[in-house]
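Chain by chain, the residues run as shown.
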Amino acid sequence: MDVVNQLRRQFVDYYTSLHREGFVDDQFTQLQKLQDENSPDFVVEVASLFFEDCEKLINNMARALEQQQRVDFKQVDASVHQLKGSSSSIGAMRVKNVCIAFRSFCEAQNREGCLRCLQQVTHEYSLLKNKLQTLFRLEQQILAVGGSIPVVE
Amino acid sequence: EGHIWIESEGLGKGCTAIFIVKLGIPGRLNESKLPIMPRMSTIHGQIAFPGLKVLVMDENGVSRMVTKGLLVHLGCDVTMVSSSDECLRVVSHEHKVVLMDVCVPGIDGYETAMRIHEKFTKHHERPLIVALTGNTDKVINENCMKVGMDGIVLKPVSLDKMRSVLSDLLEHQVPFEAI
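Residues numbered from 1 in each chain as written. Chains lettered and ligands numbered in written order. Predicted model: local features only at pLDDT ≥ 70, side-chain atom pairs only at ≥ 80, totals over all residues. Heavy atoms only, no water.

A.B. asks: Which residues make up the UniProt feature "modified residue: Phosphohistidine" (unreviewed entry) in chain A, and what values do they have?
C.D. replies: Residues and elements named next belong to chain A. Residues annotated by UniProt as "modified residue: Phosphohistidine" (unreviewed entry) correspond here to His81. Counting through the fold element by element, His81 comes out in helix α4 (residues 73-90). A relative accessible area of 13% places His81 in the buried class. (UniProt positions renumbered as here; feature names shortened; annotations may be inferred. Helix = DSSP H or I, 4+ residues; strand = E, 2+ residues; numbered from the N terminus. Buried < 20%, exposed > 50% of the residue type's maximum accessible area, 1.4 Å probe, protein only.)

Structure (structure tokens):
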């Protein structure tokens, strides 16, 4: 198999594994459809914005939860709500699912539960970031050898 | 029904084209009798909306960027705002559709929809208002209808869903000119 096909094969396998392992859902596939000659870097741009947003929101949540007494759960919830919205729009399924649980703990004003979710969401975000960076690197490699990025349905 | 003719004072004096046509009076027309001419076209076998001016209101930057991407891919001319104040400042009769996120705390989408109704007293000038929401429940649906929204879409929105929402919306409306 020549280099282009090998890389394309690798890409498809990796992309499929991200779906299978629940890192991304169908919404992520929708984003791929929006990438065309007019917006060739759309997915990378949205993903970058998402990761910036994640970091900012996670920091907000951590700061609010640091307060030993009288945690402002409304403030934590507001950040979790934003993160749930962002992760849902890009198809970051695992991050989104943690946010759903996180919101319940905010509602119950359960600081321990919130801290656990904060840890989980931080973990999922880093995992996803690495996975997507690998995916994007594969895309660059394919383009560098003159190939085109496979569209995986 | 009508006539068209040309009058002129002679060679080199120019000419005037005159026409008489019979037009209907808006408001008295039954919408179902109007010819359905949605401003849609097909690009690569898919429906698209070239030049359709859409205003997107969403406080969340990531979700706003994705919504914009969907609309741009369908050929729309997109303006984005992140607050209801900005939305009310920016919205004009040129916008055919306003897509607003209604489930973010801090933005009162419902009130914004009502103020848009107030701002555009002539029905045909008012943009179509669609709520984008992360949950649908009876309460949200009812509230949206009460404040005069023209549609509700559950997020996240796929490309096919956005396409069919716009196409349904436009088909039920009086034909418009996309600039």
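What follows continues from the structure just given.
A.B. asks: Now, about the UniProt feature "modified residue: 4-aspartylphosphate" (unreviewed entry) in chain B: what can you tell me, with residues and values included?
C.D. replies: Residues and elements named next belong to chain B. The UniProt feature table records "modified residue: 4-aspartylphosphate" (unreviewed entry) at Asp101. Its location among the elements puts Asp101 in strand β7 (residues 97-101). On the basis of relative accessibility, which here comes to 1%, the residue Asp101 falls in the buried class.

A.B. asks: Tell me about the environment of Cys15(B), and please be specific about residues and values.
C.D. replies: Residues and elements named next belong to chain B. Counting through the fold element by element, Cys15 comes out in strand β2 (residues 15-21). For Cys15, a relative accessible area of 54% translates into the label exposed. With residues near it in sequence (within four places) discarded, Cys15 still touches Ile6, Glu7 and Ser8. (Contact = heavy atoms within 4.5 Å.)

A.B. asks: Got a sec to walk through the pattern of salt bridges? Specific residues and values, please.
C.D. replies: For the structure shown, the criterion picks out twelve salt bridges over all chains. Here Glu55(A) and Lys129(A) are joined by a salt bridge, their closest N and O atoms 3.4 Å apart. Taken together, the positions of Glu55(A) in helix α3 (residues 42-66) and Lys129(A) in helix α6 (residues 111-144) put the pair 74 residues apart, joining distant regions of the chain. The class for Glu55(A) is partly exposed, based on a relative accessible area of 38%. A salt bridge links Asp58(B) to Lys155(B), with the nearest nitrogen and oxygen atoms 4.0 Å apart. Of this pair, Asp58(B) sits in the loop between β5 (53-57) and α1 (61-73) while Lys155(B) sits in the loop between β9 (151-154) and α5 (159-171), and the two are 97 residues apart along the sequence. Both residues of the pair, Asp58(B) and Lys155(B), count as buried. (Salt bridge = Lys/Arg side-chain N within 4 Å of Asp/Glu carboxyl O.)

A.B. asks: Run through the sheet that holds β5(B), naming residues and quoting values.
C.D. replies: All names here are of chain B. If you trace the five strands from one edge of the open sheet to the other, you get β6-β5-β7-β8-β9, paired in parallel fashion. Looking at which strands have only one partner, the edges of the open sheet turn out to be β6 (77-81) and β9. Taken pair by pair, the neighbouring strands of this sheet meet at an average axis angle of 20°, ignoring direction. Strand direction decides the pairing type here: β5 and β7, joined by four bridges, are parallel. Looking at the pairing, Leu55 lines up with Val98 of β7. (Pairing = 2+ DSSP bridges. Axes fitted to C-alpha atoms, helices over the stretch in contact; angles between N-to-C directions.)

A.B. asks: Run through the packing of aromatic side chains, naming residues and quoting values.
C.D. replies: Residue and element names in this part refer to chain A. Scanning the entire structure with this criterion turns up four aromatic pairs over all chains. Ring centres of Phe11 and Tyr15 lie 5.9 Å apart, and the angle between their planes is 35°; on these two criteria the pair is classed as tilted. Placement of both Phe11 and Tyr15 in helix α1 (residues 3-20) is noted, with a separation of four residues, approximately one turn of the helix. Of the two residues, Phe11 and Tyr15, both sit in the buried class. Judged by centre distance (5.8 Å) and plane angle (50°), the ring pair of Phe51 and Tyr125 falls under tilted. Taken together, the positions of Phe51 in helix α3 and Tyr125 in helix α6 put the pair 74 residues apart, joining distant regions of the chain. Take Phe51 and Tyr125: they sit in the same class, and that class is buried. For the cation-ring pair, Arg94 lies above Phe23, with the distance from its terminal atom to the ring centre recorded as 4.0 Å. (Phe/Tyr/Trp six-rings, centres within 6.5 Å; stacked < 30°, edge-to-face > 60°. Lys NZ or Arg CZ within 6 Å of the ring centre and 35° of its normal.)

A.B. asks: Can you break down the nonpolar core residue by residue, with the values?
C.D. replies: Phe50(A) and Phe102(A) are the most contacted members of the largest nonpolar core, which has 71 residues in total. Of the residues forming this core, the biggest block, twelve residues, is contributed by α3(A). The contacts of Phe50(A), once residues within four sequence positions are left out, are Leu83(A), Ser86(A), Ser87(A), Ile90(A), Ala92(A), Val95(A), Leu128(A) and Val62(B). Core analysis: the next-biggest nonpolar cluster, separate from the first, contains 19 residues, Val102(B), Ala113(B), Phe120(B) and Ala131(B) among them. (Core = buried A, V, L, I, M, F, W, Y, C linked by side-chain atoms within 4.5 Å.)

A.B. asks: Give me the lowdown on the interface of chain B and chain A, citing residues and values where you can.
C.D. replies: Each side of the interface is counted separately: chain B has 19 residues, and chain A has 20 residues. Taking both sides of the interface into account, the surface hidden between chain B and chain A amounts to around 1600 Å²; carbon and sulfur atoms contribute 65%. Among the residues of chain B in contact with chain A, Val62(B), Met65(B) and Val66(B) are the three that bury the most area, contributing 35% of the side total. Linking chain B to chain A there are zero salt bridges. (Buried area = accessible area lost by both parts, 1.4 Å probe.)

A.B. asks: Give me the lowdown on unusual backbone geometry, citing residues and values where you can.
C.D. replies: Here the residue pair Lys155(B) and Pro156(B) is connected by a cis peptide bond, since its omega of 0° sits within 30 degrees of zero. Backbone geometry places Arg70(A), a non-glycine residue, at a positive phi of 50°. Here Arg70(A) is to be found in the loop between α3 and α4. In this structure Arg70(A) comes out as exposed when scored by relative accessible area, which is 81%. Notably, Gln109(A) is not glycine yet its phi reads approximately 55°, a positive angle. Topologically, Gln109(A) is positioned in the loop between α5 (93-107) and α6.

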